[in-house]
Amino acid sequence: MSEENQSTTFLESLLNNMWLLLILGVGVYFVSYIFWGWAEIILIKGIPAEIKDLFTK
């Protein structure tokens, strides 16, 4: 069979494209760290009132 008659699957064409792999690799890490940062900010507990009063007086 010749190479021209064979169809390539989506996964095969994805793995053959190095620029798309680079963009996906950087994008996955970027998005995961953004969500990780948001989760850290959301889960920070507030300063207790007693400690806040010590520093604001």
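Model, not experiment: these values are computed from the prediction.

(A) How the structure looks around the overall build of the protein. When its secondary structure is counted, the protein shows three helices and zero strands. For the protein, the α and β elements follow one another from N to C terminus as α-α-α. Taking 10 Å as the expected radius of gyration for a compact globule of 57 residues, we find that the protein reaches 25 Å, considerably beyond that expectation. When the backbone C-alpha atoms are referred to their principal axes, the protein occupies close to 85 × 15 × 5 Å. Across the 57 residues of the protein, 2% fall into the buried class. Of the roughly 5,900 Å² that the protein leaves accessible, carbon and sulfur atoms contribute 70%.

(B) The arrangement of the confidence of the model for the protein in detail. Averaged over every residue, the pLDDT of the protein is 87; the share at 70 or more is 91%. Here helix α3 (residues 49–56) is the element of the protein with the lowest mean pLDDT, 87, and helix α2 (residues 18–43) is the one with the highest, 93.

(C) Representation of the packing of aromatic side chains in the model. Applying the stated criterion across every chain, the model contains two aromatic pairs. When the centroid spacing of 5.5 Å and the interplanar angle of 20° are considered together, the rings of Y33 and W36 count as stacked. A residue pair is termed a helical-turn pair when its members lie 3 or 4 positions apart in one helix, as Y33 and W36 do in helix α2 at three residues. Plain terms: the ring middles of F35 and W38 are 5.5 Å apart, the flat faces sit at 70° to each other, and that makes the pair edge-to-face.

(D) Geometry of a nonpolar patch on the surface. A cluster of nonpolar side chains, contributed by F30, V31, I34, F35, W38, I41, I42 and L43, occupies part of the molecular surface with about 910 Å² of accessible area. Structurally, the position occupied by I34 is in helix α2.

Reading guide: rules and limits
- Residues numbered from 1 in each chain as written.
- Predicted model: local features only at pLDDT ≥ 70, side-chain atom pairs only at ≥ 80, totals over all residues.
- Heavy atoms only, no water.
- Helix = DSSP H or I, 4+ residues; strand = E, 2+ residues; numbered from the N terminus.
- Rg over C-alpha atoms; globule rule 2.2 N^0.38 Å.
- Buried < 20%, exposed > 50% of the residue type's maximum accessible area, 1.4 Å probe, protein only.
- Areas by Shrake-Rupley, 256 points an atom, 1.4 Å probe, with all protein chains shown as cover.
- pLDDT = per-residue confidence, 0-100.
- Phe/Tyr/Trp six-rings, centres within 6.5 Å; stacked < 30°, edge-to-face > 60°.
- Patch = residues over 30% accessible without salt bridge, like charges linked within 9 Å, V, L, I, M, F, W, Y side chains within 5 Å.
- Salt bridge = Lys/Arg side-chain N within 4 Å of Asp/Glu carboxyl O.

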